[in-house]
Amino acid sequence: MVTSGDLTSFGNDDLRSEQIAEIWGRGVMAFEYHLPINKVTSTIPEFKEALSKALVTYGNEHHMHVHVEKTDRPVFMVTDMWQLDDRLHFDVAYLVNLTTVEYVDDLKRL
């Protein structure tokens, strides 16, 4: 996303991540990331769309697919994005198992 101009260059200390399964339960493959808001070169909705597209492209290029019956969705999904103080936070779900697919479906109902 730096190459495409959606982000400015950032160091390893700028991007933080943590698994959010402790909140939602075991087996949920969802992660929260956050980085300084000044590294984002567009509005939050535009960045969310660009990130979603980049994750779809990455999943397709690496032949990563959801292996759950009757689901046609990307293997990575941005499920939430918000700004808190000077950092942009976003959650990404890795739809590798039924538990995570159900988690994403539950979020849509909220």
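Report follows, based on the coordinates.

Analysis parameters
Residues numbered from 1 in each chain as written. Predicted model: local features only at pLDDT ≥ 70, side-chain atom pairs only at ≥ 80, totals over all residues. Heavy atoms only, no water. Patch = residues over 30% accessible without salt bridge, like charges linked within 9 Å, V, L, I, M, F, W, Y side chains within 5 Å. Areas by Shrake-Rupley, 256 points an atom, 1.4 Å probe, with all protein chains shown as cover. Salt bridge = Lys/Arg side-chain N within 4 Å of Asp/Glu carboxyl O. Helix = DSSP H or I, 4+ residues; strand = E, 2+ residues; numbered from the N terminus. Buried < 20%, exposed > 50% of the residue type's maximum accessible area, 1.4 Å probe, protein only. Core = buried A, V, L, I, M, F, W, Y, C linked by side-chain atoms within 4.5 Å. Pairing = 2+ DSSP bridges. Axes fitted to C-alpha atoms, helices over the stretch in contact; angles between N-to-C directions. Contact = heavy atoms within 4.5 Å. Polar contact = N/O pair within 3.5 Å; in protein donor to acceptor, adjacent residues only side chain to side chain.

Some details on a nonpolar patch on the surface
Line of reasoning, step 1. Residues V2, F10 and L15 make up a contiguous nonpolar surface patch of roughly 210 Å² in combined accessible area.
Line of reasoning, step 2. As for its placement among the helices and strands, F10 is situated in the segment before β1 (16-19).
Line of reasoning, step 3. On the basis of relative accessible area, F10 is assigned to the partly exposed category, the value being 32%.

Observations regarding the pattern of salt bridges
Line of reasoning, step 1. Applying the stated criterion across every chain, the model contains three salt bridges.
Line of reasoning, step 2. Residues K53 and E49 are paired through a salt bridge, measuring 3.1 Å at the closest nitrogen-oxygen approach. Taken together, the positions of K53 and E49, both in helix α2 (residues 44-61) and four residues apart, correspond to about one turn of that helix.
Line of reasoning, step 3. According to the relative accessible area criterion, K53 is exposed, its value standing at 52%.
Line of reasoning, step 4. Between D105 and R73 there is a salt bridge, with the nearest N and O atoms lying 2.9 Å from each other. Taken together, the positions of D105 in helix α3 (residues 98-109) and R73 in the loop between α2 and β3 (76-84) put the pair 32 residues apart, joining distant regions of the chain.
Line of reasoning, step 5. D105 gets classed as partly exposed once you look at its relative accessible area, which sits at 22%.

Thoughts on the nonpolar core
Line of reasoning, step 1. Residues F47, L51, M81, F90, L95 and Y103 are the most contacted members of the largest nonpolar core, which totals 24 residues.
Line of reasoning, step 2. Mapped by element, the contributors of at least two residues to this core are β2 (30-36), α2, β3, β4 (87-94) and α3.

Things to note about the sheet that holds β2
Line of reasoning, step 1. Ordered by their spatial adjacency, four strands build an open sheet running β1-β2-β4-β3, and the pairing between neighbours is antiparallel. This sheet does not close on itself; its edge strands, each paired only once, are β1 and β3. Strand-to-strand, the axes of this sheet are offset by a mean angle of 20°, without reference to chain direction.
Line of reasoning, step 2. With respect to the sheet, α2 is in contact with β3 and β4, its orientation differing from that of β3 by roughly 155°.
Line of reasoning, step 3. Contacts from α3 reach β2, β3 and β4, with the element oriented near 50° to β3.

Side note on the environment of F31
Line of reasoning, step 1. Within the secondary structure layout, F31 lies in strand β2.
Line of reasoning, step 2. In this structure the C-alpha to C-alpha distance between F31 and S42, which are eleven residues apart in sequence, comes to 22 Å.
Line of reasoning, step 3. Setting aside its immediate chain neighbours within four residues, F31 contacts E18, Q19, I20, F90, D91 and V92.

Focus on the side chain of T100
Line of reasoning, step 1. For T100, the position within the fold is in helix α3.
Line of reasoning, step 2. For T100, a relative accessible area of 0% puts it in the buried group.
Line of reasoning, step 3. Reaching out from T100, the side chain makes a polar contact with the backbone oxygen of G27 at a distance of 3.3 Å.

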